[in-house]
Amino acid sequence: MLTNKRLILSHFWLAFIVFGAALVLGAWQMFERSPLNAWHFNPEFYYRSVTAHGSAMGYVFPTLIAMGFGYAITEASLEKPLVGRRWAWAGFFLVAVGAVVAMIPVSLGLASVLYTFYPPMVGNPFYYIGVVMVVVGSWIWVALMPINMAVWKRENPDKPVPLAMFANVAGSYLWGWTAVGAALEIIFQILPVALGLKSTIDAGLARVFFSWTLHAIVYFWLIPTYIAYYTILPRAIGGRLYSDAMARISFILFVVVAMPIGVHHLFADPQVGAGFKFMHSVFTGLVALPTLLTVFTICASAEIASRLRGGRGAFGWVRALPWQNPILLATALSLVMLGFGGAGGLINMSYQLDASVHNTQWITGHFHLIFGGAIVIMYFAIAYDLWPHLTGRALESFGLMRTQLWLWFTGMIVTTFPWHYVGILGMPRRMAFYDYANPAISPQAFSVSMSAVGGLMLLTSGVLFLIVLIRGQRAPASEAGAYRFSVPLHMPARIPVALNSFGLWLALMIGLTVVNYGYPIAQLMVLNETNVPAVYVGASR
Amino acid sequence: MAVETDHGIGEAVAARIERRWATLSIVIVGVLVGMATFIGIHQATMPQGRVETADPGTLHLSGEFIESNLGSAVEADGSVTVRAIGQQYSFTPQCVVVPLETPINFRATSADVVHGLLIEGTNINTMLVPGYVSVLPIRFKALGEHVMPCQEFCGIGHQGMWGKVKVVDKTEFLNRTAAKRRLTCVD
Ligand code: HEM
Ligand SMILES: [Cu+2]
Ligand SMILES: [Cu+2]
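What you see as residue numbers is a count from 1 along each chain, following the sequence as written. To label them, take the chains in the order written and letter them from A, then take the ligands in the order written and number them from 1. Local features in this predicted model are restricted to residues whose pLDDT is 70 or higher, and side-chain atom pairs enter the listing and the counts only when it is 80 or higher, whereas totals over whole chains, interfaces and linings include all residues. Hydrogens are left out, water is left out, and the side-chain values use all remaining heavy atoms of the structure.

Colleague: Can you lay out the overall build of chain A for me, pointing to particular residues and giving the numbers?
Modeller: Counting its regular elements, chain A contains 16 helices and 4 strands. Here chain A has a C-alpha radius of gyration of 23 Å; the compact-globule value for 541 residues is 24 Å, and the two agree. Here the C-alpha coordinates of chain A stretch approximately 65 × 50 × 45 Å along the principal axes. For chain A, buried positions account for 65% of its 541 residues. Of the accessible surface of chain A, which amounts to about 18600 Å², a share of 70% is contributed by carbon and sulfur atoms. Measuring between centres, the 29 positive side-chain charges of chain A sit 8 Å from its 17 negative side-chain charges. Helix and strand labels come from DSSP, where a helix needs a run of H or I of at least four residues and a strand needs a run of E of at least two; each type is numbered from the N terminus. For the radius of gyration, the atom set is restricted to C-alpha positions; the globular benchmark scales as 2.2 Å times the number of residues to the power 0.38. For every residue, the accessible area obtained with a 1.4 Å probe (protein chains only) is divided by the maximum for its type, and the residue is called buried under 20%, exposed over 50%, and partly exposed between those limits. For every accessible area listed, the method is Shrake-Rupley and the probe measures 1.4 Å; residues are considered covered only by the protein chains on display. Lys and Arg are tallied as positive, Asp and Glu as negative. Neither His nor the chain termini are counted. Where a charge sits is defined by one atom per residue type, namely NZ (Lys), CZ (Arg), CG (Asp) or CD (Glu).

Colleague: Describe the interface of chain A and chain B, listing the residues and the values that go with them.
Modeller: Accessible area lost when the parts come together is the quantity often used to give the size of an interface. Here, residues are in contact when the closest pair of their heavy atoms is within 4.5 Å. The interface is formed by 75 residues belonging to chain A together with 57 residues belonging to chain B. The contact between chain A and chain B buries some 5500 Å² in all, and 69% of this surface belongs to carbon and sulfur atoms. Should a side-chain nitrogen of Lys or Arg be within 4 Å of a carboxyl oxygen of Asp or Glu, the pair is scored as a salt bridge. Residue Glu 152 of chain B pairs with Arg 430 of chain A through a salt bridge whose shortest N-O separation is 2.8 Å. Contacts described as polar in this section are N or O atom pairs within 3.5 Å, which, within protein, must combine one atom able to donate a hydrogen with one able to accept it, while residues neighboring in sequence count only if both atoms come from side chains. Where chain A touches chain B, the interface holds 15 residue pairs in polar contact (both at pLDDT 80 or more). Elements represented by at least two residues in the side of chain A that touches chain B include exactly helix H2 (43-78), helix H6 (203-231), helix H9 (274-286), helix H10 (288-308), helix H12 (351-357), helix H16 (503-526) and strand S3 (531-533) of chain A. Among the elements that make up the side of chain A that touches chain B, the one with the highest residue count is H10 of chain A (9 residues). Throughout, the accessible surface (probe 1.4 Å) given up by two parts as they are put together, summed over both, is called the buried area.

Colleague: Got a sec to walk through the domain arrangement of chain B? Specific residues and values, please.
Modeller: Source of the domain bounds: an automatic or database domain assignment. The domains assigned to chain B are domain 1 (1-47) and domain 2 (67-179). For domain 1 of chain B and domain 2 of chain B, the distance between their C-alpha centroids amounts to 43 Å.

Colleague: Can you break down the coordination of the copper ion (ligand 3) residue by residue, with the values?
Modeller: All names here are of chain B. Donors, by definition, are the N, O and S atoms found within 2.8 Å of a metal, the threshold being 3.2 Å for Na, K and Ca, and water is not counted, so a site can look incomplete. Cys 150 (SG), Glu 152 (O), Cys 154 (SG) and His 158 (ND1) make up the full set of protein donors to the copper ion (ligand 3), lying at 2.1 to 2.6 Å. One way to put it: the 4 donor atoms around the copper ion (ligand 3) meet at angles of 80 to 131 degrees, and that makes the site irregular. Each donor residue of the copper ion (ligand 3) lies on the same chain, and together they follow the pattern C-x1-E-x1-C-x3-H. Summarising the burial analysis for this pair, Cys 150 and Glu 152 share the class buried. Donor angles set the geometry label: tetrahedral for four donors if every angle is between 85 and 135 degrees, square planar for four and octahedral for six if opposite donors exceed 155 degrees and the others are between 65 and 115, irregular for anything else.

Colleague: Requested: an account of the side chain of Asp 385 of chain A, with residues and values cited.
Modeller: Residue and element names in this part refer to chain A. Tracing the backbone shows Asp 385 in helix H13 (residues 361-391). Polar side-chain contacts of Asp 385 include one of 2.7 Å to the side chain of Arg 235. Beyond its immediate chain neighbours, meaning those up to four positions away, Asp 385 contacts Ile 232, Arg 235, Ile 327 and Tyr 483.

Colleague: Describe the coordination of the copper ion (ligand 2), and please don't skip the residues or the numbers.
Modeller: Ligation of the copper ion (ligand 2) by protein atoms is provided by His 215 of chain A (ND1), His 264 of chain A (NE2) and His 265 of chain A (NE2), these donors lying 1.7 to 2.1 Å from the ion. The motif formed by the donor residues of the copper ion (ligand 2), counted along the single chain, is H-x48-H-H.

Colleague: Explain the sheet that holds strand S5 (residues 95-99) of chain B to me, using residue names and the numbers behind them.
Modeller: Residues and elements named next belong to chain B. Ordered by their spatial adjacency, 3 strands build an open sheet running S5-S11-S10, and the pairing between neighbours is mixed. Looking at the sheet topology across the chains shown, the edges are occupied by S5 and strand S10 (144-149). The sheet shows a mean angle of 25 degrees between the axes of neighbouring strands, taken without regard to direction. Two strands pair if DSSP finds at least two bridges between them. As paired strands, S10 and strand S11 (residues 162-168) are joined by 6 bridges and run antiparallel to one another. Counted as the bridge partner of Val 147 is Lys 164 from S11. Packing of helix H2 (residues 170-179) onto the sheet brings it into contact with S5 and S11, and relative to S5 it is tilted by some 115 degrees. To get an axis, a line is fitted to the C-alpha atoms, and for a helix only the part in contact is used. The angle between two axes follows their N-to-C directions and goes from 0 to 180 degrees.

Colleague: Quick one: what's the story with a nonpolar patch on the surface, residue by residue and with numbers?
Modeller: Only residues whose relative accessible area exceeds 30% and that form no salt bridge are eligible for patches; like-charged ones are grouped when within 9 Å, while nonpolar side chains (Val, Leu, Ile, Met, Phe, Trp, Tyr) are grouped when within 5 Å. Residues Val 27, Val 31, Met 35, Phe 38 and Ile 39 of chain B make up a contiguous nonpolar surface patch of about 450 Å² in total accessible area. Within the secondary structure, Ile 39 of chain B is located in helix H1 (residues 7-42).

Colleague: Residues and numbers for the site of ligand 1, please.
Modeller: Residues and elements named next belong to chain A. For this description, a residue counts as near a given molecule or strand if any of its non-hydrogen atoms is within 4 Å of it. Looking at ligand 1, there are 25 residues lining it, with Tyr 46, His 53, His 368, Arg 429 and Arg 430 nearest. With respect to ligand 1, the side chain of His 53 contributes an N or O atom lying 2.6 Å from a nitrogen atom. In the model, an oxygen atom of ligand 1 is placed 2.6 Å from a nitrogen or oxygen of the Arg 430 side chain. Of all elements in the fold, only helix H1 (5-32), H2, H13, helix H14 (398-424) and helix H15 (445-474) reach the threshold of two or more residues within the shell around ligand 1.

Colleague: So what's going on with the pattern of salt bridges? Residues and values would help.
Modeller: Side-chain pairs of opposite charge can arise whenever the charged atoms involved come near each other. Residue and element names in this part refer to chain B. Inspection of the entire model under this criterion finds 14 salt bridges over all chains. Between Arg 107 and Glu 64 there is a salt bridge, and its shortest N-O distance comes to 2.7 Å. On the criterion of sequence distance, the pair formed by Arg 107 in strand S6 (residues 104-110) and Glu 64 in the loop between strand S1 (52-53) and strand S2 (71-74) is long-range, its members being 43 residues apart. According to the relative accessible area criterion, Arg 107 is buried, its value standing at 10%. A relative accessible area of 25% means that Glu 64 is categorised as partly exposed. One salt-bridge network, in which partners are shared between bridges, spans Glu 52, Glu 64, Arg 83 and Arg 107.

Colleague: So what about H10 of chain A? Which residues, and what values?
Modeller: Helix span, as expected, comes to 1.5 Å for every residue beyond the first. Compared with an ideal rise of 1.5 Å per residue, which puts 21 residues at 30 Å, H10 of chain A spans 31 Å between its outermost C-alpha atoms and is within 8% of the ideal. Following H10 of chain A by one or two positions, Gly 310 of chain A adopts a phi angle in the positive range, close to 100 degrees.

Colleague: Give me the nonpolar core: which residues, what numbers.
Modeller: Buried Ala, Val, Leu, Ile, Met, Phe, Trp, Tyr and Cys residues form a nonpolar core when they are joined through side-chain atoms within 4.5 Å. Of all hydrophobic cores here, the largest spans 211 residues; its most connected members are Phe 12, Tyr 71, Tyr 127 and Tyr 128 of chain A. Beyond its immediate chain neighbours, meaning those up to four positions away, Tyr 128 of chain A contacts Val 113, Phe 117, Met 121, Val 122, Gly 123, Ile 186, Ile 190, Leu 191 and Ala 194 of chain A.

Colleague: Describe unusual backbone geometry, with residues and values.
Modeller: In the segment running from Pro 119 of chain A into Pro 120 of chain A, the intervening peptide bond is cis, with an omega of 10 degrees. Within the secondary structure, Pro 120 of chain A is located in the loop between helix H3 (85-107) and strand S1 (121-122). Backbone torsion omega between Gln 88 of chain B and Tyr 89 of chain B reads -5 degrees, so that peptide bond is classified as cis. Residue position: Tyr 89 of chain B is located in the loop between strand S3 (80-87) and strand S4 (90-92). Positive phi, normally seen in glycine, also occurs at Arg 430 of chain A, with a value near 60 degrees. Note that Arg 430 of chain A resides in the loop between H14 and H15. What makes Arg 430 of chain A buried here is its relative accessible area of 8%.

Colleague: Quick rundown of the state of the cysteines? Include the residues and the values.
Modeller: Where two cysteines share a covalent bond between their sulfur atoms, that bond is called a disulfide. Residues and elements named next belong to chain B. Any two cysteine sulfur atoms lying within 2.5 Å of each other are counted as a disulfide. Taken as a whole and judged by the stated rule, the model has 1 disulfide over all chains. Paired through a disulfide, Cys 95 and Cys 185 show a sulfur-sulfur distance of 1.8 Å. The sign of the -65 degrees torsion about the S-S bond sets the Cys 95-Cys 185 disulfide as left-handed. Taken together, the positions of Cys 95 in strand S5 and Cys 185 in the segment after H2 put the pair 90 residues apart, joining distant regions of the chain. You'll find Cys 95 and Cys 185 in the same group, each marked buried.

In structure tokens, the structure reads:
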């Protein structure tokens, strides 16, 4: 029962428009830095573009998906209209206006600082103000999700919170606390400098704050995908969810261990000592757990669906799955990319192996495979699944959907495998162009061209995706019925309080972050001699 | 798997399989973390232990990073210390010369924004953060030349920030240091 369809559709449409624009920039970047590009553009355009592409893809697009999907989950799973509709619209407009405010200075070349905006490089204040507006807009969503859960719980004291809502609230808490690191950095360190009130800044401390956000943000991106695995896929293929409790445990694990591990992004940094790097490296191992649990539950749920359809044999059931179903196809392709990406992630997480790939093209290849690949392909699936319920019109281009998903998958492999490979050869990331005539660099030329071809495939797939959605908006009206989530195989009669509420887990989340970040931050805050002069970009001050 | 035949038994089986998988997952993660810990301690490849600082405003005036002190130098114990700085958009020295099979203590910092440094064909890779000194024990096992790009975006000239490392024979290196205390490729 979706009441606020316009609200949800607005989030999805804005998300996909931003995505489409950023995709064009991504494909251009790939071409620009490849040997296929015979003319050199002004390198500054490249950095403008990467700033826009990274900020749009990293901050705006997934945030809008999480928000829109979150509102849809609230109404569909709790079977009542959203509480705080006006606030939700206010959040939407903050995100939209924030994105514009941030992009104006970027497109003028006044804030080419990349989406990680590492000080002491400091750009135009409106870039940071725009980013803060996006985050504050999303914090309205962060507040609304637990409020809606609490209201529902009061009205339904004896029922367990539906899994989709439980996971959605986990995602909102996770994001609320994740964003605090970068917010502290922007508000207390960068903005005073960008506004000219201060002229020095501690670059090392800023990197520590940012790492708090930088790792856990990937789980914020991931959570809508995992919600789709657990609560959409089994229903879409006519099966059951293998286990409700294990799903809850996975989401809880993300909330608890996502934050206190961000220092793994600083393995090669001088401002954090070996002890805390080690601590964070150990905790990083733990976040593999929820993913291992998830892969098992999802495969088992697919097996149930197949056996219900008459699939048999130890592996024969795989063939009996309804492969023409786009949701199944998307999930399978997503899991393959997650597998490759996860293997790469195990390499990044070890201090020793990381040294050979840190800040090389391996890293950009890695996160495009996981984020652009495994995660985003499920955003497509979510849109395909929800669209008829939002528009009241059927989505019927199933063939086109399958082509689009295959093209995205193939494009991702063609783009990211060579991207990883040149990273192993040592190619540094974030450069506008490379001197392929240099014998030390020329062996990388062919692979970079391959990636550029993959980029075009991705762009084509992105266009197909938008075509499917637009066609859906124009199809004749048809009633899609109530939106439902998967049902577990064995519905537990009672759910332990710990798996139905967040108090304990939030205490652990905050406690562990304070333990793992408190000392490194305090140590750098008392070190005053490390405040260094800001270097302003794009402005002649 | 019998889905609905006997609900109670099915549920118990499902829970048991799931518990086994969870245990296996915990073991996998435990082994991976244990391996990384063991290798770290055993081969002493742990990151820099202590935080050291250097003021970028006075780098060129005093302290270990003044210009005449940059480059490679032989220490009393036979080891070599290399000091370097990164700035928009070059390294000083732009070409580092080092001896083969010798323990080298690499010390570097930044004079302005965040830079990075990696030596292609090796595992040497570190960030240069203004205000802090990056310390890295390194050793080269083969003669030859490597490129040494900056690996973090440091401004619109980032793509041009490429240094070089030349690994030379140890005796040749020592002969050259006899004439000059701090070596770079151009000496
Ligand atoms: C949904 C798909 C995508 C997502 C989510 C995504 C995300 C990102 C993000 C967050 C960055 C910033 C990286 C940084 O500053 O280190 C980035 C950079 C980049 N992206 Fe994408 N991207 C996507 C699609 C693409 C496509 C289709 C291409 C083209 C092949 C592409 C090419 C690039 C390039 C070349 C960079 C610059 C990397 C660097 O210089 O370090 N991206 N992308
Ligand atoms: Cu991370
Ligand atoms: Cu650089």
